[in-house]
Amino acid sequence: MFLGDFMRNIIVTGGTRGIGKAITKAFLDNGDRVFAIFEKNIDKAKETEKLGAITIKADVGNGEDIKKIIDEVHKYGKVDILINNAGISQIKPFADITEDDWDRMFSVNVKSAYLMSKAVLSDMLKTKKGKIINISSIWGQTGASCEVHYSASKAAMIGFTKALAKELGLSGITVNSIAPGVIDTDMNKEIDEESLKEIVEEMPITRVGTPKEVAESVMFLASEKANYITGQVISVNGGMYI
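Parameters and conventions
- Residues numbered from 1 in each chain as written.
- Predicted model: local features only at pLDDT ≥ 70, side-chain atom pairs only at ≥ 80, totals over all residues.
- Heavy atoms only, no water.
- Helix = DSSP H or I, 4+ residues; strand = E, 2+ residues; numbered from the N terminus.
- Rg over C-alpha atoms; globule rule 2.2 N^0.38 Å.
- Buried < 20%, exposed > 50% of the residue type's maximum accessible area, 1.4 Å probe, protein only.
- Salt bridge = Lys/Arg side-chain N within 4 Å of Asp/Glu carboxyl O.
- Pairing = 2+ DSSP bridges.
- Axes fitted to C-alpha atoms, helices over the stretch in contact; angles between N-to-C directions.
- Right-handed = clockwise from strand over helix to strand, strands pointing away.
- Phe/Tyr/Trp six-rings, centres within 6.5 Å; stacked < 30°, edge-to-face > 60°.
- Contact = heavy atoms within 4.5 Å.
- Patch = residues over 30% accessible without salt bridge, like charges linked within 9 Å, V, L, I, M, F, W, Y side chains within 5 Å.
- Areas by Shrake-Rupley, 256 points an atom, 1.4 Å probe, with all protein chains shown as cover.
- Lys, Arg positive; Asp, Glu negative; His and termini not counted.
- Charge placed at Lys NZ, Arg CZ, Asp CG, Glu CD.
- Core = buried A, V, L, I, M, F, W, Y, C linked by side-chain atoms within 4.5 Å.

Observations concerning the overall build of the chain
For the chain, the helix and strand inventory stands at 8 helices and 7 strands. Scaling as 2.2 N^0.38, a compact globule of 242 residues should have a C-alpha radius of gyration of about 18 Å, and the chain matches this with 17 Å. Overall, the C-alpha framework of the chain stretches about 50 × 40 × 35 Å when taken along its three principal axes. When burial is assessed residue by residue, the chain has 47% of its 242 residues classed as buried.

Right, here's the structure in full:
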């Protein structure tokens, strides 16, 4: 195990599909106890339970639901690591983005990270130990046409990471971010074949990434090997826009 012969309690929001499921599996394979949070897809949750995860149905943009998550984890002990992975995307011209679109994007992608991080903080402060890892996106670093609200929300996650890292460093808590590029998930199925081909051709590593490759970077940040790393953004993107 990374942190000695005991089972860590890990929360992974959006932990039953795509990158989140790969992260959940990586922690389970390491011998950790994982609480995989999902909102709607029961079938995906059942699949994740078969891997050994404890799944919790909750809206991570809702304070009452988050209390339910923390209460469930506390049946097993304190929260050791939080992975703020829950996210949605939408391809839409800026002129067509509604106020509801904008609010929903920021509620799921940003407000959830704020609420979840605040909820686990007391556990981490008591022990002077803990890790918060936020999943951003390459589009939060570079921006993406027809994804202004998504890009803005993911850029906010990077700012959130850097500021919170400065605040919590003295308490022994690290806060870092992963910014995936184009990864083989349902979220990127909206990219048409021609556009995807053009994107891949521009990458030094000329292929789409896998959820497992993102999960491996998360596992590094969650290990003792990364105890002196905080406030950083690791770009898992095949070299896009370097």
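Don't stop here, the text continues.
A closer look at the pattern of salt bridges
Scanning the entire structure with this criterion turns up 9 salt bridges. One salt bridge connects arginine 8 with aspartate 32, and the closest N-O pair in it is separated by 2.9 Å. Of the two residues, arginine 8 sits in the segment before β1 (9–13) while aspartate 32 sits in the loop between α1 (18–29) and β2 (33–38), which places them 24 residues apart along the sequence. The exposure classification of arginine 8 matches that of aspartate 32, with both residues buried.

Side note on the sheet that holds β2
Across the sheet, 7 strands lie side by side as β3-β2-β1-β4-β5-β6-β7; this open sheet has parallel pairing. A single partner strand is all that each edge strand has here, and the edge strands are β3 (54–57) and β7 (233–236). Strand after strand, the sheet turns through a mean of 20° between neighbouring axes, direction not considered. Two elements, strand β5 (residues 130–135) and strand β6 (residues 173–180), share 6 bridges in a ladder whose sense is parallel.

Quick word on the pairing of β5
Counting buried residues in β5 gives 6 out of 6 residues, a clear majority hidden from the surface. Strand direction decides the pairing type here: strand β4 (residues 81–84) and β5, joined by 4 bridges, are parallel. Of the residues in β5, the one forming a bridge with asparagine 84 is asparagine 134. Handedness of the crossover is the feature at issue here: the chain leaves β4, passes through helix α4 (residues 99–127), returns alongside β5, and the resulting connection is right-handed.

A few points about the packing of aromatic side chains
According to the stated counting rule, one finds 2 aromatic pairs in the structure shown. A ring pair is formed by phenylalanine 35 and tyrosine 76, whose centres lie 5.5 Å apart and whose planes are at 65°; its orientation type is edge-to-face. Residue phenylalanine 35 is found in strand β2, and its partner tyrosine 76 is found in the loop between α3 (63–73) and β4; the two are separated by 41 residues along the sequence. Judged by centre distance (5.0 Å) and plane angle (20°), the rings of tryptophan 102 and phenylalanine 106 are stacked. You can see tryptophan 102 and its partner phenylalanine 106 sitting in helix α4, 4 residues apart, about one turn around the helix. The partly exposed category is assigned to tryptophan 102, whose relative accessible area is 32%.

Concerning the environment of valine 120
Following the sequence through the fold, valine 120 ends up in helix α4. Separated by 42 residues in the primary sequence, valine 120 and lysine 78 place their C-alpha atoms 8.5 Å from one another. Setting aside its immediate chain neighbours within four residues, valine 120 contacts Ile11, Ile70, Val79 and Leu82.

Some details on a negative patch on the surface
A cluster of acidic residues, Glu193, Glu194, Glu198, Glu201 and Glu202, forms a negative patch on the protein surface. Mapped onto the secondary structure, glutamate 193 falls in helix α7 (residues 193–201). Given the relative accessible area of 71%, glutamate 193 is considered exposed.

So, a nonpolar patch on the surface
A surface patch of nonpolar side chains, about 280 Å² in accessible area, is lined by Phe94, Trp102 and Val148. Inspection of the secondary structure puts valine 148 in helix α6 (residues 148–168). For valine 148, a relative accessible area of 33% corresponds to the partly exposed category.

Details of the nonpolar core
Core analysis: the largest hydrophobic core is formed by 25 residues, its most contacted members being Ile10, Ile23, Phe27, Ile83, Ile133, Ile178 and Val218. Those elements that place two or more of their residues in this core are β1, α1, β2, β4, β5 and α8 (211–221). Here this core takes 6 residues from α1, the largest share from any one element. In this structure, phenylalanine 27 is in contact with Arg8, Ile10, Asp32, Val34, Ile81, Ile83, Val218, Met219 and Ala222, ignoring residues within four places of it in sequence. Core analysis: the second largest hydrophobic core is formed by 23 residues, Ile11, Leu115, Met116 and Leu168 among them.

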